Amino acid sequence: MAARPPPPGRPPPGKPRSAGPPGVSLNRALSKLGLCSRTQGEALIAQGRVRVGGKVVRDAALRVDMNRDRIVVDGVEVVAERKVYLMVNKPRGLVTTRHDPLERDTVYACLEGLDLPFVSPVGRLDKASEGLLLMTNDTRFANRLMDPASHLPKTYHVQVATVPDETLLDKLRAGATIDGEALAANSIEFLRSGGRTAWLEIVLDEGKNRHIRRLLAAHGIEVKRLIRVAIGRLPLGDLAKGAARHLTPEELALLAQ
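What counts as what
Residues numbered from 1 in each chain as written. Predicted model: local features only at pLDDT ≥ 70, side-chain atom pairs only at ≥ 80, totals over all residues. Heavy atoms only, no water. Salt bridge = Lys/Arg side-chain N within 4 Å of Asp/Glu carboxyl O. Buried < 20%, exposed > 50% of the residue type's maximum accessible area, 1.4 Å probe, protein only. Helix = DSSP H or I, 4+ residues; strand = E, 2+ residues; numbered from the N terminus. Pairing = 2+ DSSP bridges. UniProt positions renumbered as here; feature names shortened; annotations may be inferred. pLDDT = per-residue confidence, 0-100. Contact = heavy atoms within 4.5 Å. 1 Å grid on protein atoms, 1.4 Å probe; cavity = no way out; pocket = protein on both sides within 12 Å on 5 of 7 lines; lining within 4 Å. Points joined across faces, edges and corners; volume = space filled by probe spheres on them. Domains from an automatic or database assignment.

**Section: the pattern of salt bridges**
Thought 1: Counting across every chain of the model gives 15 salt bridges.
Thought 2: Here Arg104 and Asp100 are joined by a salt bridge, their closest N and O atoms 2.9 Å apart.
Thought 3: Residue Arg104 is classed as partly exposed on the basis of its relative accessible area, which comes to 33%.
Thought 4: Its salt-bridge partner being Glu189, residue Arg173 comes within 3.7 Å of it at the nearest N-O pair. With Arg173 in helix H4 (residues 166-173) and Glu189 in strand E13 (residues 187-194), this residue pair connects regions lying 16 residues apart in the sequence.
Thought 5: Since its relative accessible area comes to 29%, Arg173 is described here as partly exposed.
Thought 6: Judged by its relative accessible area of 40%, Glu189 falls in the partly exposed class.

**A closer look at the pairing of strand E7 (residues 85-90)**
Thought 1: The buried fraction of E7 is high, at six of six residues.
Thought 2: Residues Tyr85, Met87 and Asn89 line one face of E7 and the alternating positions Leu86, Val88 and Lys90 line the opposite face, and both faces are buried.
Thought 3: The pairing of E7 with strand E9 (residues 130-136) spans six bridges and is classified as antiparallel. Following the sheet pairing, Lys90 is matched in E9 by Gly131.
Thought 4: Pairing between E7 and strand E17 (residues 244-246): three bridges, direction antiparallel. Paired with Leu86 across the bridge in E17 is His246.

**Description of the UniProt feature "domain: RNA-binding S4" (unreviewed entry) in the protein**
Thought 1: Mapped onto this structure's residue numbering, the UniProt feature "domain: RNA-binding S4" (unreviewed entry) falls at residues 24-84.
Thought 2: With 26% helix and 23% strand, residues 24-84 has end C-alpha atoms that lie 22 Å from one another.

**Brief notes about the sheet that holds strand E3 (residues 55-56)**
Thought 1: Strands sit in the order E3-E2-E5-E6 across an open sheet of four strands; the sheet is antiparallel. In this open sheet, the two strands that pair with only one neighbour each are E3 and strand E6 (76-77).
Thought 2: Pairing analysis gives three bridges linking strand E2 (residues 50-52) to strand E5 (residues 71-73), with the strands arranged antiparallel. The partner of Val50 across the bridge, within E5, is Val73.

**Description of the confidence of the model for the protein**
Thought 1: Of all residues in the protein, 92% have pLDDT values of 70 or greater, and the mean over the chain is 89.
Thought 2: Across residues 1-19, confidence stays below pLDDT 50; counting only partners more than four residues off in sequence or on other chains, it has six contacts.

**Comments concerning the layout of surface pockets**
Thought 1: Estimates place the volume of the second largest pocket at around 300 Å³.
Thought 2: Around the second largest pocket, the lining is made up of 15 residues, and of these Lys32, Leu33, Met66, Ala80 and Lys83 lie nearest the centre.
Thought 3: When residues of the lining of the second largest pocket are assigned to domains, at least three map to each of domain 1 (24-77) and domain 2 (90-147 + 236-254).

As structure tokens, then:
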């Protein structure tokens with residue numbers, strides 16, 4: 001009996017699947033080299049300002065080998081920038097993006113005056129939130145920290161417009177399902193109270209959109225302030241609000257643990 005042909009899209013027995021084109025897309029290469037964001041790279045390429053191997057390229061999806069291909073922008077060869085790792089104490093009112101279509105102030109205002117290559121935020125803090133934000137041009141480092149599989153805990157101090165008793169705290173610890181999405185925290189602890197407000201310490205190992213605010217709102221609790229005070233074992237410490245500084249080797253080691 002003749003052998004059946006393999007199903008459509010499946011390689012014949014013994015023939016490996018294609019791994020796809022090698023390298024990375026050109027706009028991603030520009031980002032990984034620390035020149036600009038992927039979106040900005042697309043614009044540079046579309047404007048004919050990028051050459052690969054001496055030829056103008058207008059296809060942002062072109063695959064390039066960053067170790068072999070010579071990439072030139074505006075006549076200047078693009079080489080890998082030094083790796084930069086920053087801690088920022090984000091104030092309330094800034095958005096975590098480089099360019100905001102609504103022209104709101106961004107976290108890059110905290111970097112003014114610093115001699116830096118292109119850096120991107122590691123994750124986000126919403127406009128009304130404040131505290132510890134990391135920024136880097138090391139995409140591998142950033143992806144590792146943001147990977148949900150890493151279960152890297154993030155610690156927040158949250159001021160709420162009530163003084164919760166233990167019954168309410170237990171309800172918060174049980175989590176909530178909102179619009180079909182389960183929201184829960186690793187831990188929720190009472191810190192202190194003052195008048196009609198209280199501070200809670202909330203630890204998450206994932207960061208869904210407006211996670212803490214939505215969880216508390218599901219129980220009728222208004223958030224007055226939300227401050228991220230630690231990422232993993234790295235604390236915000238006494239860094240002034242709106243300030244930025246380089247991480248020390250010891251601090252980088254804390255994030256690797």
